[in-house]
Amino acid sequence: MVKVTIDNQTIMVEEGTKIIDAAKETGIIIPRLCFLREINEIGACRVCSVEVEGTDKLLTACNTVVEDGMVVKTNSPKVRRARRTNIEFILSQHDFSCATCVRSGNCSLQEIANDLNVDSMPYKIKYEKRAWNKDFPLQKDFSKCIKCMRCIQVCDKIQSLGIWDVVNSGSRTTVDVSHNRQIEDADCVLCGQCITHCPVGSLTTRNDTHRVYDAIEDENLITVVQVAPAVRAAWAENLNIEEKSATPSLMVAALKKIGFDYVFDTNFSADLTIMEEANEFLEVYTSGGRDLPMFTSCCPGWVRFMKSQYPDMVKYLSTSKSPQQMFGAVAKSYYADLLGVDANKICCISIMPCTAKKKEAEIETINDTEAQRDVDIVITTREMEKMIRAENLDFSKLKEESFDSPLGIGSGAGVIFGATGGVMEAALRSAYYFVTGKNPDPDSFVSVRGEEGWRESKFSIAGNELSVAVVSGLRNARELMDALIRGEVKYDFVEVMACPGGCSGGGGQPIKDGCELAYTRANKLYKLDKKMYLRYSHENPAIQKIYSEYLGKPNSEIAHKLLHTDHESWKMPLSPIFSMDEDSKFRYNFK
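Residues numbered from 1 in each chain as written. Predicted model: local features only at pLDDT ≥ 70, side-chain atom pairs only at ≥ 80, totals over all residues. Heavy atoms only, no water.

Enquirer: Would you mind showing me how to read the environment of alanine 477 here?
Expert: Looking at the element boundaries, alanine 477 is found in helix α16 (residues 474-486). The class of alanine 477 is buried, set by a relative accessible area of 1%. Remark: the alpha-carbon pair of alanine 477 and asparagine 523, spanning 46 residues in sequence, is separated by 23 Å. Residues in contact with alanine 477, not counting those within four places in the same chain, are Trp302, Phe305, Val471 and Val496. (Helix = DSSP H or I, 4+ residues; strand = E, 2+ residues; numbered from the N terminus. Buried < 20%, exposed > 50% of the residue type's maximum accessible area, 1.4 Å probe, protein only. Contact = heavy atoms within 4.5 Å.)

Enquirer: Can you walk me through the UniProt feature "domain: 4Fe-4S His(Cys)3-ligated-type" (unreviewed entry) in the chain in this structure?
Expert: When the UniProt feature table is mapped onto this chain, "domain: 4Fe-4S His(Cys)3-ligated-type" (unreviewed entry) is found at residues 78-117. Segment residues 78-117 splits into 57% helix and 0% strand. End C-alpha atoms: 16 Å apart. (UniProt positions renumbered as here; feature names shortened; annotations may be inferred.)

Enquirer: Can you help me understand the domain arrangement of the chain in this one?
Expert: Think of interface size as the accessible area that goes away when the parts come together; that is how it is often given. Taken domain by domain, the chain consists of domain 1 (2-90) and domain 2 (208-563). A straight line from the C-alpha centre of domain 1 to that of domain 2 covers 43 Å. (Domains from an automatic or database assignment.)

Enquirer: Please explain the nonpolar core as it appears in this structure.
Expert: General note: in soluble globular proteins, nonpolar side chains tend to be found buried as a group. Membership of the largest hydrophobic core comes to 154 residues, with the highest contact counts inside it found for Leu138, Trp164, Trp235, Phe295 and Trp302. The element that contributes the greatest number of residues to this core is helix α8 (residues 266-287), accounting for 9 residues. Counting residues domain by domain, this core receives three or more from each of domain 1 (2-90) and domain 2 (208-563). Dropping the residues within four chain positions of it, phenylalanine 295 is found in contact with Trp302, Met306, Tyr316, Leu317, Ser318, Leu480, Met481, Leu484, Val494 and Val496. Within the second largest apolar cluster, 20 residues are counted, among which are Ile11, Ile28, Phe35 and Val52. (Core = buried A, V, L, I, M, F, W, Y, C linked by side-chain atoms within 4.5 Å.)

Enquirer: I would appreciate a short explanation of the sheet that holds strand β5 (residues 70-73) in the present structure.
Expert: Judged by pairing direction, the sheet is mixed, and its 5 strands sit side by side in the order β2-β1-β5-β3-β4 without closing on themselves. This sheet does not close on itself; its edge strands, each paired only once, are β2 (9-13) and β4 (59-60). Strands in contact with helix α2 (residues 77-92) are β3 (49-52) and β5; relative to β3, the strand with the most contacts, it is inclined by about 155 degrees. (Pairing = 2+ DSSP bridges. Axes fitted to C-alpha atoms, helices over the stretch in contact; angles between N-to-C directions.)

Enquirer: Hey, could you run me through the pattern of salt bridges in this one?
Expert: Taken as a whole and judged by the stated rule, the model has 31 salt bridges. Between glutamate 88 and arginine 84 there is a salt bridge whose closest N-O contact spans 3.2 Å. Highlighted residues: glutamate 88 and arginine 84, both in helix α2, separated by 4 residues, approximately one helical turn. Take glutamate 88: its relative accessible area is 7%, and that puts it in the buried class. The partner of arginine 206 in a salt bridge is aspartate 208, with the nearest N and O atoms 3.1 Å apart. For the pair shown, arginine 206 and aspartate 208 are each scored as buried. (Salt bridge = Lys/Arg side-chain N within 4 Å of Asp/Glu carboxyl O.)

Enquirer: What am I meant to see in the packing of helix α7 (residues 248-258) against helix α13 (residues 381-390) here?
Expert: The description of two packed helices rests on the angle between their axes and on the distance between the axes. Interhelical geometry of α7 versus α13 gives an angle of 65 degrees and a closest axis separation of 10 Å. The angle between the axes of α7 and α13 places the two elements in the roughly perpendicular class. Where α7 crosses over α13, the handedness of that crossing is left-handed. Contact with α7, carried on its side by Met251, Ala254, Leu255 and Ile258, involves Met384, Met387 and Ile388 of α13 and no other residues of that element. Here the residues of the contact of α7 with α13 are counted per class, giving 7 nonpolar, no polar and no charged. (Parallel < 35°, antiparallel > 145°, perpendicular 65-115°, else oblique. Left-handed = near helix turned anticlockwise from the far one by under 90°. Nonpolar A, V, L, I, M, F, W, Y, C, P; charged D, E, K, R; others polar.)

Enquirer: Explanation requested: helix α4 (residues 150-158) in the structure shown.
Expert: In an α-helix there are 3.6 residues to a turn, and that puts residues three or four apart on one side. Within α4, 7 of the 9 residues are buried, leaving the element largely enclosed by the surrounding structure. Within α4, burial applies to Arg150, Cys151, Ile152, Gln153, Val154, Cys155 and Asp156. Elements that come into contact with the buried residues of α4 comprise β7 (164-167), β8 (174-177), α5 (193-196), β9 (203-205) and α16. Positive phi appears at serine 160, one or two residues downstream of α4, with a value of about 60 degrees.

Enquirer: Whenever I open this one, the sheet that holds strand β10 (residues 222-227) confuses me. Can you help?
Expert: To summarise the sheet geometry, strands pair through backbone hydrogen bonds and adopt either a parallel or an antiparallel arrangement. Strands sit in the order β11-β10-β13-β14 across an open sheet of 4 strands; the sheet is parallel. Looking at the sheet topology across the chains shown, the edges are occupied by β11 (262-265) and β14 (377-380). Mean inter-strand twist for the sheet, computed between neighbouring axes without regard to direction, equals 25 degrees. Where strand β13 (residues 346-352) lies against β14, 4 bridges are found, and the strand directions are parallel. Residue pairing across strands places serine 350 opposite valine 378, the latter belonging to β14. Across the sheet, helix α10 (residues 323-331) touches β10, β11, β13 and β14, and the angle it forms with β13 is around 165 degrees.

Enquirer: Looking at this model, I keep getting lost on unusual backbone geometry. Mind explaining?
Expert: Excluding glycine, a negative phi dihedral is what most residues carry, and trans is how most peptide bonds are arranged. Residue serine 405 is joined to proline 406 through a cis peptide bond whose omega torsion reads 5 degrees. Here leucine 190, not a glycine, exhibits a phi torsion of approximately 65 degrees, which is positive. Within the secondary structure, leucine 190 sits in the loop between β8 and α5. Residue leucine 190 is classed as buried on the basis of its relative accessible area of 0%.

Enquirer: So what exactly am I meant to see when it comes to a negative patch on the surface here?
Expert: A cluster of like negative charges, contributed by Asp214, Glu217, Asp218 and Glu219, occupies part of the molecular surface. Tracing the backbone shows glutamate 217 in helix α6 (residues 209-217). On the accessibility criterion, glutamate 217 (58% relative accessible area) is exposed. (Patch = residues over 30% accessible without salt bridge, like charges linked within 9 Å, V, L, I, M, F, W, Y side chains within 5 Å. Areas by Shrake-Rupley, 256 points an atom, 1.4 Å probe, with all protein chains shown as cover. Lys, Arg positive; Asp, Glu negative; His and termini not counted. Charge placed at Lys NZ, Arg CZ, Asp CG, Glu CD.)

Enquirer: When you look at the pairing of β13 in this model, what are you seeing that I'm missing?
Expert: Put simply, side chains in a regular strand alternate between the two faces of the sheet. Buried residues dominate β13, accounting for 7 of its 7 residues. On β13, burial covers both faces: Ile346, Cys348, Ser350 and Met352 on one face and Cys347, Ile349 and Ile351 on the other are all buried. The pairing of β10 with β13 spans 6 bridges and is parallel. Paired with isoleucine 222 across the strands is isoleucine 346, a residue of β13.

Enquirer: What is the right way to look at the packing of aromatic side chains in this model?
Expert: Aromatic ring pairs are defined here through the distance separating the ring centres and the angle between the ring planes. Applying the stated criterion across every chain yields a total of 16 aromatic pairs. Between tryptophan 132 and tryptophan 164, the aromatic rings sit 6.1 Å apart at their centres with planes inclined by 20 degrees, giving stacked as the arrangement. In this pair, tryptophan 132 sits in the loop between α3 (108-115) and β6 (138-140) while tryptophan 164 sits in strand β7, placing the two residues 32 residues apart along the sequence. With a centroid separation of 5.1 Å and an interplanar angle of 85 degrees, the aromatic rings of phenylalanine 264 and tyrosine 335 are classed as edge-to-face. Placement of phenylalanine 264 in strand β11 and of tyrosine 335 in helix α11 (residues 334-339) is noted, with a sequence separation of 71 residues between them. Assessed through its relative accessible area of 4%, tyrosine 335 is described here as buried. (Phe/Tyr/Trp six-rings, centres within 6.5 Å; stacked < 30°, edge-to-face > 60°.)

Enquirer: It is not clear to me how the packing of α8 against helix α15 (residues 422-436) should be interpreted in this structure. Could you clarify?
Expert: Where α8 meets α15, the closest approach of the two axes is 9 Å, and the angle between their N-to-C directions is 65 degrees. It follows that α8 is roughly perpendicular to α15 by the angle criterion. The way α8 lies across α15 gives a crossing that is right-handed. In contact with Ile274, Met275, Glu277, Ala278, Asn279 and Leu282 of α8, α15 contributes Val423, Ala426, Ala427, Ser430, Ala431, Phe434 and Val435.

Written out as structure tokens, the structure reads:
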């Protein structure tokens, strides 16, 4: 332990503690802009600078370790002047048209500038303008980039993809796509983690809310909206609603106010996914002869990762579509028949916690109904929140409403799809039933839950030993894939989610800078599962009905046509590693 004095408070802290953490123990929060714990501790923004007695220069609190006897001033006149000047310099190269920025009111730079009373600009304003593909789901506005390097570090250290890099030098230095590529030609998986960790509005998702409004206003269209499991755990985080009041039923009522004709639950198609994927797994498992496991395929970010990093292993992905795409296929076939309308009369809209879902819906070969597109528009949880805000609702007077039927009935197994391990747990609940004819205790497979990025478990079903793994975060996925290739591990079934914590921590979820909320949201989903009357996908009456009336049985001919896909039928840019020489590949892997 070492003794340190911070703003006249003397405390004892562990040796090796950074000033920023020591200050927090005294109740002092030092402003920071570029800092991300254990990911980006480079002091690039200098906003966390503090004065240390005996040192002429100001030191950055995020990466300076305390020393015994150190005396620190976190808000001295010298610190305040320097901090304000740093923010003014950053703003001079930043388009601060805050009123039209997607992050207005939720921007770290805006907040710090307000706290420092920066009300004028003493320096010449000059920010960068560059072209960007406006059709791509991930959008970058160079005029707002503050070169904090967070996106680079997150993509490198958490996702192991290296999509972003520093380009140019001197005053022309900026952050752009690595290897001199255009974003659409890069092996970006669209996980959106760079977006949720950007402290300003430089990185965003493509805004598709105007398309939704156009569909609602079109009298010739029937608007059908589906809401993903993870959305219900986060939809009201920035809407000033008490957590206990932010129920799925209140969310449905808000969506009805926006003007959607039918509000359905993606939990329904999550249950449908389990029926198809669990049966597909059992076919693969009982046939034997597979050297590698079957991988889940409901995460489009993970599918894009597999196609770009391990193209020879795409054949091991489940052919089952994601719940989003299964819902679209059912809405434009089964439900269109129930309504007695042409499939193209239905506009299918998805509300997802994910950025990659926007691109998934655009894959030409994933559309298998008579309509032009199975899923017409995808918006994120953040976009839904903006639409709800625009309604100016008084939530205290809004009456709760239920999801519409029949595509609004879901089980607890469908709910936990939004948490890492949830797909595996839901699949095992039904796989056990398909093998034994009896339901297991619904909590028999909770060992697949947890916050570790790579977890493994073993189960026995009717005397058959199953070895499974659950992975979230693509660096962990890469480590697992490499271990499988080297023969160091062996599994029968593997679930992979691109985002750490699964869909709950998806790139389309609400942003609270400096807070990782994936596991907090996941716990909400587990509580919902625990309370639900239906906890098995195969017991969902709406699922039983669609099979008896329309699909026949899991993996039937019509089920294969509508609910399965060929992952190798579309192109995905390959990782740069495939064009490197052997020496470069070694250095790349070593990094």
